[in-house]
Amino acid sequence: MPFPILKNYLARLSHQTQAGTSVWLDEEGRALGRFFNCTMTSAFQPLRELQSGKVLAFEGLARSVSKADEGLSLWRLLDHAASDDESVELDRLCRMLHAINFFRQNEAEQADLYLNVHDRLLSAVSSNHGHAFQRILDALGLPIERIVLQLPTVTTNQSWLLNYVADNYRRNGFRLAINVNSVNEAIGLLERLHPHSFKLDAGNLSDEAAAANFVTLCHAAKIRVVFKRLDTPAALQALQRIAEATGLPIVAQGYLLDKPLSSLALDETRIATAA
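The written sequence of each chain sets the order in which its residues are numbered from 1. The model is predicted, so local features are restricted to residues of pLDDT at least 70 and side-chain atom pairs to those at 80 or more, both for listing and for counting; the totals for chains, interfaces and linings are taken over all residues. To obtain the side-chain values, all non-hydrogen atoms of the structure were used and water was disregarded.

K.L.:
What am I meant to see in the overall build of the protein here?
P.N.:
Per the convention used, a helix needs a DSSP run of H or I reaching at least four residues, while a strand needs a run of E reaching at least two, with both numbered from the N terminus. The secondary structure content of the protein amounts to nine helices and 10 strands. Contacts are assigned to residue pairs that have any heavy atoms within 4.5 Å of one another. A sequence separation of at least 24 residues applies to 69% of the contacts in the protein between residues at least 6 apart. Summed over all atoms, the accessible surface of the protein reaches about 13,100 Å², with 50% contributed by carbon and sulfur. Only the protein chains shown count as cover for residues, with accessible areas throughout obtained via the Shrake-Rupley method and a probe of 1.4 Å.

K.L.:
I keep staring at the packing of aromatic side chains and nothing clicks. Help me out?
P.N.:
Centre distance and the angle of the planes are the two values used to describe a pair of aromatic rings. In this scheme Phe, Tyr and Trp rings, the latter by its six-membered ring, pair at centre separations within 6.5 Å, and the angle between planes marks the pair as stacked below 30 degrees, edge-to-face above 60, and tilted otherwise. Per the counting criterion, the structure on display carries seven aromatic pairs. Connected via pairs of aromatic rings, a cluster forms that spans Phe3, Phe44, Phe58, Phe102 and Phe103. The ring of phenylalanine 133 has arginine 95 lying over it, and the distance from NZ or CZ to the ring centre is 5.4 Å. Lysine NZ or arginine CZ positioned within 6 Å of the ring centre and within 35 degrees of the ring normal marks a charge as sitting over the ring.

K.L.:
Looking at this structure, I do not really get helix α5 (residues 159–171). What am I missing?
P.N.:
Side chains three or four residues apart in an α-helix point the same way, a direct result of the helix having 3.6 residues per turn. Here the expected length of a helix is defined as 1.5 Å per residue gap, with one fewer gap than residues. Given a rise of 1.5 Å per residue, 13 residues ought to cover 18 Å, and the 19 Å separating the end C-alpha atoms of α5 matches this to within 8%. Within α5, burial applies to Leu161, Leu162, Val165, Ala166, Asn168 and Tyr169. Along the axis of α5, the buried residues cluster in a sector spanning 160°; they form a single face. Residues of α5 that are exposed and angled more than 90 degrees away from the buried face: Trp160 and Arg171. Trailing α5 by a residue or two, glycine 173 shows a phi angle of about 95°, which is positive. Relative accessibility decides the category of a residue: with a 1.4 Å probe and only protein chains considered, values under 20% of the type maximum give buried, values over 50% give exposed, and everything between is partly exposed. Arc, as used here, means the arc of the directions from the helix axis to the C-beta atoms.

K.L.:
For this particular structure, what's the right way to read the pattern of salt bridges?
P.N.:
A side chain of one charge can pair with a side chain of the opposite charge when the charged atoms of the two come close. By definition, a salt bridge exists where a carboxyl oxygen of Asp or Glu is found within 4 Å of a side-chain nitrogen of Lys or Arg. Applying the stated rule across the entire model yields nine salt bridges. Residues aspartate 26 and arginine 30 are paired through a salt bridge, measuring 2.7 Å at the closest nitrogen-oxygen approach. Of the two residues examined, aspartate 26 and arginine 30, each falls in the buried class. Between glutamate 208 and arginine 241 there is a salt bridge, and its shortest N-O distance comes to 2.7 Å. Here glutamate 208, found in helix α7 (residues 208–220), pairs with arginine 241, found in helix α8 (residues 233–246); they are 33 residues apart in sequence, far enough to count as distant. Judged by relative accessible area, which is 41%, arginine 241 ranks as partly exposed.

Now the structure itself:
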């Protein structure tokens, strides 16, 4: 493990019991946490170049603990039960667990880690959330330059909140990815926010020509376009047509390629078959 401070922290955690801390390790070395009465951990889904299969990054996802590595989404279970303040607490716990569980694995190598910012945090503008997470990374000796924070889709009325939160995270050293519903929405944000990445739904590309033009535009601006939710053969065929039209690498993420798993080890044979 190339992060000695994290290694020492994990060594201390290995001697603590579940009752003695809010974060502990299981017998496999995974960091676990608790929110309400749910025990949670991390799962990771790769973001990869579709043509080559090369992994560029992983997205961290909160999951309930399951021996079969098939845990349920914590946000789906708890989102409506938690208050705004509790959602902020859950968001911070998730990010800390994901950072620990990602960087403790040698397979992380030089890949980036994408972490979600829950939409409730957009309204909690009085708190410096970027600074809070930056302090956690510093305390664990983890590289902030490999973290990409994913901002949720917003309504037109929330646009100013997106600006505020984006500025907050940038001032604390984070790169940003922005989830958008359409190419038109992304174009409206491109010049204003110039994020590291845009994330578009691969299963909802109503205008492939517009998507191809947007990929070309972002490539020139050194912005990554990630096609998320690649879950069906029809969506894969659409991305293959976009790749052919642009002549550029297409970055994709979805169940057709990879299931989210606690381990970063990849079954390259299965990936090649799917793609």
